[in-house]
Amino acid sequence: MAARILDGKALAETVRAEVRVSVDAFKAKYGRAPGLEVILVGDDPASQVYTRNKEKASNEVGMRGRLHVLPAATPEDEVLALVQRLNADEATDGILVQLPLPKGLREQRILDAVSPAKDVDGFHPINAGLLASGRPGLVPCTPRGCMRLLALAGATLKGARAVVVGRSNIVGKPVAQLLLAEHATVTIAHSRTEDLAAVCREADILVAAVGKADLIRGDFVKPGAIVIDVGMNRIDAGNGKTKLVGDVTFAEAAEVASAITPVPGGVGPMTIAYLLENTVTAATARMEKR
Ligand SMILES: NC(=O)C1=CN([C@@H]2O[C@H](COP(=O)(O)OP(=O)(O)OC[C@H]3O[C@@H](n4cnc5c(N)ncnc54)[C@H](OP(=O)(O)O)[C@@H]3O)[C@@H](O)[C@H]2O)C=CC1
Ligand SMILES: Nc1nc(=O)c2c([nH]1)NC[C@@H]1CN(c3ccc(C(=O)N[C@@H](CCC(=O)O)C(=O)O)cc3)C=[N+]21
């Protein structure tokens, strides 16, 4: 049996079309476009590509997107000052601080400075707490993208066994919270998990968010399971070039799973689409509160 391949690129296009509609409605109502501010500190080439894509994607749906590039040696107080200026700016609805930050900058201190109302990454402890309490707030983009891909797959979540491999605050934990909210029976596995293969084989829904190529092999996958591969690993392609792969050995898993996301073209594009969605959500919530 060959798995259905869940096309995240196409689904992200659908989400963006939905966002375009809400952006138009927002503009008609409030006379301005929602604004997303992306802060990049340093000159990491991969981060430069990602952040430029985010800026471009926001402009494509009719939002105002702006990228702030600061030198790697920028003092922490200057980064904080920019965040505070954007917190206070009426036309700024979303603020994203691209990770990782250069060494010497305290990530937590900077992320915590972002106003929870403008925290379109959903990384602020207030938003993490709201999610854990099952209350409305801004939800991290990648986990939202994973849930939408599961909906595309037609997954039944209620009562299903879900295994999330990875327990980071940005992917593993929030995706587990969202699955739990949908009444799945959720297990979170991590680097100290014993017999990861056996744990994964229990899963009707398997989410891999680790950052290790080929960690999840075909025999980790229960026949008929749905596999969401969040991993982004750049590996040597053998021909002097590199290629992007997930955490799951795709060819093997696709033999056993009922549906699987590819890398690239799976979760990645969905993350960007939900960043835009979160920005309109944040913008609307702020305007309605005024
Ligand atoms: N598609 C997208 O849009 C995005 C993709 N990513 C990608 O997703 C992956 C995960 O990102 P992120 O959550 O930030 O990563 P982190 O490095 O923060 O977390 C990785 C997690 O994997 C666990 N882990 C490490 N080794 C093993 C192992 N051998 N077996 C089981 N678990 C293990 C770690 O366990 P422990 O806690 O014990 O250390 C940790 O919980 C990366 O490849 C990243 O590039 C990330 C964000 C967005
Ligand atoms: N504050 C913050 N928020 C983030 O959401 C955030 C971050 N920092 N730091 C880095 C990670 C990683 N991340 C990705 C988003 C999209 C793709 C993506 O679109 N990937 C394409 C391929 C891109 C390529 O070819 O390189 C795909 O999978 O098809 C990848 C990775 C967001 N992150």
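Residues numbered from 1 in each chain as written. Chains lettered and ligands numbered in written order. Predicted model: local features only at pLDDT ≥ 70, side-chain atom pairs only at ≥ 80, totals over all residues.

As recorded in an unreviewed UniProt entry, the protein chain goes by the name Bifunctional protein FolD, listed as coming from Pendulispora albinea. Heading Subunit (unreviewed entry) of the UniProt record for the protein chain holds this comment: "Homodimer." (UniProt positions renumbered as here; feature names shortened; annotations may be inferred.)

Of the two faces of strand S7 (residues 205-208), both are covered, the one formed by Ile205 and Val207 as well as the one formed by Leu206 and Ala208. Strand direction decides the pairing type here: strand S5 (residues 161-165) and S7, joined by four bridges, are parallel. What sits directly across from alanine 162, in S7, is isoleucine 205. Of the pairings in the sheet, the one linking S7 to strand S8 (residues 226-229) comprises four bridges and is parallel in character. In the sheet register, valine 207 faces S8, and the bridge partner there is isoleucine 228. (Buried ≥ 20, exposed ≤ 12 C-beta atoms within 10 Å, placed from the backbone. Helix = DSSP H or I, 4+ residues; strand = E, 2+ residues; numbered from the N terminus. Pairing = 2+ DSSP bridges.)

Here the focus is helix H3 (residues 76-88). Owing to its 3.6 residues per turn, the α-helix brings residues three or four apart onto one side. Its 13 residues place the ends of H3 18 Å apart at the C-alpha level, agreeing with the 18 Å of an ideal helix rising 1.5 Å per residue. Residues of H3 that are buried: Val79, Leu82, Val83 and Leu86. Along H3, the residues classed as buried sweep out an arc of 95° about the axis, all on the same side. Exposed positions of H3 whose direction lies more than 90 degrees from the buried face are Asp77, Arg85 and Ala88. (Expected span 1.5 Å × (residues − 1). Arc of directions from axis to C-beta.)

Core analysis: the biggest nonpolar cluster contains 89 residues, and Ile205 and Val207 have the highest contact counts within it. Top contributing element to this core by residue count: helix H10 (residues 267-289), with ten residues. Counting residues domain by domain, this core receives three or more from each of domain 1 (31-115) and domain 2 (141-268). Contact partners of valine 207, with chain neighbours within four places excluded, come to Cys146, Val164, Val165, Val175, Ile228 and Val230. (Core = buried A, V, L, I, M, F, W, Y, C linked by C-beta atoms within 7 Å. Domains from an automatic or database assignment. Contact = placed C-beta atoms within 7 Å.)

Right, let's get into the pairing of strand S10 (residues 242-245). As defined by bridge partners, strand S9 (residues 233-236) adjoins S10 across four bridges and the pair is classed as antiparallel. For isoleucine 235, the partnering residue across the bridge sits in S10 and is lysine 243. What sits between the antiparallel neighbours S9 and S10 is a turn of five residues, in which glycine 238 has the positive phi angle 95°.

Next up on the list: the environment of serine 133. For serine 133, the location among the structural elements is in the loop between helix H5 (125-132) and helix H6 (141-152). According to the C-beta neighbour criterion, serine 133 is exposed, with 10 such atoms within 10 Å. A C-alpha to C-alpha distance of 35 Å links serine 133 and alanine 254, two positions 121 residues apart in sequence.

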